[in-house]
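Geometric and topological summary
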Protein chains: 2
Amino acid sequence: MRNFLVTIMYDGRSFHGWQVQDNADSVQEQFQKALYEVIGERPDIKGCSRTDAGVHANQYCISFHTAHTIPADRLPLALNRFLPATIAALSACEVAEDFHARYSCKGKEYIYKINNAAVRNPFLEGYALHYWHNLDETVMHEAAQHFLGRHDFTSFCTVDPHRKKGDFHRTVRNIAVERSGDIVTVTIEADGFLYNMARIIVGTLLSVAQKKIRPDDIPDIIETLDRKAAGPTAPPQGLYLNRVFY
Amino acid sequence: MRNFLVTIMYDGRSFHGWQVQDNADSVQEQFQKALYEVIGERPDIKGCSRTDAGVHANQYCISFHTAHTIPADRLPLALNRFLPATIAALSACEVAEDFHARYSCKGKEYIYKINNAAVRNPFLEGYALHYWHNLDETVMHEAAQHFLGRHDFTSFCTVDPHRKKGDFHRTVRNIAVERSGDIVTVTIEADGFLYNMARIIVGTLLSVAQKKIRPDDIPDIIETLDRKAAGPTAPPQGLYLNRVFY
């Protein structure tokens, strides 16, 4: 059997996340349909992460096994004929037999876009959080540096009852808050992300900008292992899975 | 009576253009509804131009008379409460009694965005034309300079049977083709635009890039006063009304 790794990009506005669900359009379902059109099979396809409804992906990785003989470099063009316009296959390659899009992943980078302007921008509707009070990105950036390193991120996780006993330690390798015109972008790279971790970190940095949380409180919030100590979960529409590392 | 000039921005994907139509959502209809919520009147509102279905506006101007006492600087915020997320009111001011958004207009600037990349981008779907063959923006820019100045643009107009006897002379004041990464942008400023003129100029510049039309043929195409001599009408989704001059 051959094992393929396919990289796609998608506009999350149209989907209820990656995972197949009843009565809701998902990226996985659309990908499976297009793949069936191309290779005539329905292999078990593995996505690199669950993503929530409304979350976007500049890079999302999928792996699957097949005996089909299609050359890897022909696969993206073939898939794009059948994928909706809201999903694009960017590249494909063959990988080792035991490679798994999720379990082989060594890290991910998310970005979160905030349109920090007095008036909303129709072209950013669903693509960035609109936040009209002036944000001090320098203060947010400095506060964010407290997240760097290996921590138990229980305070920054929406508890998932199915994995209460999991390991909540993650390593944040890079975090930055930068402004370009009206757009403030939060970039977070980690070896892995707990459920809603990126959005709760962003919500906490917004609380810092609002002076509801002091930058120096962040180490205590991490240590307290209590979701209620952190800021709110930022809405999904500003979040993009940006890079996946193997 | 007071006369207001309101500037809006809108995402044209959701609308069948500016003008009210039966069985189709228009920007004018949405603006009229929001204005009624704010001032409790339905004045005759004048838009700066007709725009086609799918065409966007970074700046679109509207004027109307009312006796309402609302301060001009409060109007945008009040309108934004009732406008859909795909339309934003940016600013408002009071203007002279005889000002008319369309007839007082001294010029407009349109931009046309082309995503010149091998693979489509889901985030540009409906916001830029996807053109996958490599475009030489330098050749397009040089060819475009032939449009500068005052010409009879009959060859660059979809004939409107209701105004066959109009004046087809327009003055192109600036035209440029520039690349930023994958995005090639055509900018055209003129004292006025005939129906589809911007889109036919862009279609003709694409024909130049495809070597179907030589740059030096453009003066002859203008002089021949024949729509069939020019290139095709580029599709609407890349077009933005960008600036309106009074």
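**Here we look at the side chain of B:Ser49**
Among the structural elements, B:Ser49 can be located in the loop between strand E2 (46-47) and strand E3 (56-66). On the basis of relative accessibility, which here comes to 8%, the residue B:Ser49 falls in the buried class.

**Remarks on the interface of chain B and chain A**
Quoted interface sizes are often the accessible area lost when the parts come together. The interface of chain B with chain A comprises 24 residues on the first partner and 24 residues on the second. Roughly 1,800 Å² of surface becomes buried between chain B and chain A when both sides are summed, with 63% attributable to carbon and sulfur atoms. Sorting the residues of chain B by area buried against chain A places B:Arg120, B:Pro122 and B:Phe123 first, and these three jointly supply 41% of that buried surface. Here chain B and chain A share 0 salt bridges between them. Sorting the residues of the side of chain B that touches chain A by element identifies strand E1 (2-10), E3 and strand E4 (87-95) of chain B as the ones contributing at least two each. If one sorts the elements of the side of chain B that touches chain A by residue count, E4(B) sits on top with 4 residues. Each residue belonging to the side of chain B that touches chain A can be placed in one class, and the counts come to 15 nonpolar, 5 polar and 4 charged.

**Some remarks on the pattern of salt bridges**
Throughout the structure, instances matching the rule amount to 17 salt bridges over all chains. A salt bridge links A:Glu94 to A:Arg2, with the shortest nitrogen-to-oxygen separation between them at 2.8 Å. Here the residue A:Glu94 occupies a position in strand E4 (residues 87-95), and A:Arg2 occupies one in strand E1 (residues 2-10), the gap between them amounting to 92 residues. Classification of A:Arg2 by relative accessible area gives buried; the value is 19%. The partner of B:Arg214 in a salt bridge is B:Asp217, and the shortest N-O contact between them spans 3.2 Å. Relative accessible area serves as the criterion here: at 59%, B:Arg214 is assigned to the exposed category.

**Points about the domain arrangement of chain A**
All names here are of chain A. Considered domain by domain, chain A is made up of domain 1 (2-95) and domain 2 (107-245). Between the C-alpha centres of domain 1 and domain 2 the distance comes to 27 Å. Residue-level contacts link 15 residues of domain 1 with 18 residues of domain 2. Roughly 1,400 Å² of surface becomes buried between domain 1 and domain 2 when both sides are summed, with 47% attributable to carbon and sulfur atoms. Looking at the side of domain 1 facing domain 2, the largest losses of area belong to His-56, Asn-58 and Gln-59, adding up to 38% of the total buried there. If you look at where domain 1 meets domain 2, you find 1 salt bridge. Ionic pairing is found between Asp-52 and Arg-199, a salt bridge with its closest N-O pair at 3.0 Å. Where domain 1 touches domain 2, the interface holds 13 residue pairs in polar contact (both at pLDDT 80 or more). Partitioned by chemical class, the residues of the side of domain 1 that touches domain 2 number 6 nonpolar, 5 polar and 4 charged.

**Here we look at the packing of helix H1 (residues 27-39) of chain B against helix H2 (residues 75-82) of chain B**
Residue and element names in this part refer to chain B. Two elements in contact, H1 and H2, have axes separated by 8 Å at closest approach and are oriented at 115 degrees. Like other packed secondary-structure pairs, H1 and H2 cross with a definite hand, here right-handed. The segment H1 lies against H2, with Phe-31, Ala-34, Leu-35, Glu-37 and Val-38 engaging Leu-75, Ala-78, Leu-79 and Phe-82. A per-class count over the contact of H1 with H2 returns 8 nonpolar, no polar and 1 charged.

**Some details on the environment of A:Ile218**
Residue and element names in this part refer to chain A. One can find Ile-218 in helix H5 (residues 218-223). Classification of Ile-218 by relative accessible area gives buried; the value is 0%. Each C-alpha atom of the pair Ile-218 and Ala-53 lies 28 Å from the other, and the pair is 165 residues apart in sequence. Excluding residues within four positions of it along the chain, Ile-218 makes contact with Ala-143, His-146, Phe-147 and Val-208.

**Concerning the relation of the copies chain B and chain A**
The two copies are related by a screw motion: chain B maps onto chain A through a turn of 180 degrees and a shift of 0.0 Å along the axis, at an RMSD of 0.0 Å. Look at the turn and shift together and you get a two-fold axis relating the two. Within chain B, B:Phe123 has its C-alpha nearest the rotation axis, a separation of 5.2 Å. Looking at the interface residues of chain B, 100% of them are also at the interface in chain A, so both copies use one shared face.

**Overview of the nonpolar core**
Counting residues in hydrophobic clusters, the biggest one holds 73 residues, and the most contacted among them are A:Ile8, A:Phe31, A:Phe64, A:Leu79 and A:Phe156. Ranked by residue count, the leading element in this core is helix H4 (residues 197-209) of chain A, at 8 residues. Mapped onto the domain boundaries, this core takes at least three residues apiece from domain 1 (2-95) and domain 2 (107-245) of chain A. Listed in part, the 72 residues of the second largest apolar core include B:Ile39, B:Ile70, B:Tyr110 and B:Phe153.

**Comments concerning helix H3 (residues 137-144) of chain B**
Residues and elements named next belong to chain B. For H3, the set of buried residues is Glu-137, Met-140, Ala-143 and Ala-144. Projected down its long axis, H3 carries its buried residues within an arc of 125 degrees, all on one side. Buried residues in H3 make contact with strand E8 (169-180), strand E9 (183-190), helix H4 (197-209) and helix H5 (218-223). For H3, the capping residue at the N-terminal end is Asp-136, with a side-chain oxygen 3.0 Å from the backbone nitrogen of Thr-138.

What counts and what doesn't
Residues numbered from 1 in each chain as written. Chains lettered and ligands numbered in written order. Predicted model: local features only at pLDDT ≥ 70, side-chain atom pairs only at ≥ 80, totals over all residues. Heavy atoms only, no water. Helix = DSSP H or I, 4+ residues; strand = E, 2+ residues; numbered from the N terminus. Buried < 20%, exposed > 50% of the residue type's maximum accessible area, 1.4 Å probe, protein only. Contact = heavy atoms within 4.5 Å. Buried area = accessible area lost by both parts, 1.4 Å probe. Salt bridge = Lys/Arg side-chain N within 4 Å of Asp/Glu carboxyl O. Nonpolar A, V, L, I, M, F, W, Y, C, P; charged D, E, K, R; others polar. Domains from an automatic or database assignment. Polar contact = N/O pair within 3.5 Å; in protein donor to acceptor, adjacent residues only side chain to side chain. Axes fitted to C-alpha atoms, helices over the stretch in contact; angles between N-to-C directions. Left-handed = near helix turned anticlockwise from the far one by under 90°. Least-squares fit on C-alpha atoms with pLDDT ≥ 70 in both. Core = buried A, V, L, I, M, F, W, Y, C linked by side-chain atoms within 4.5 Å. Arc of directions from axis to C-beta.

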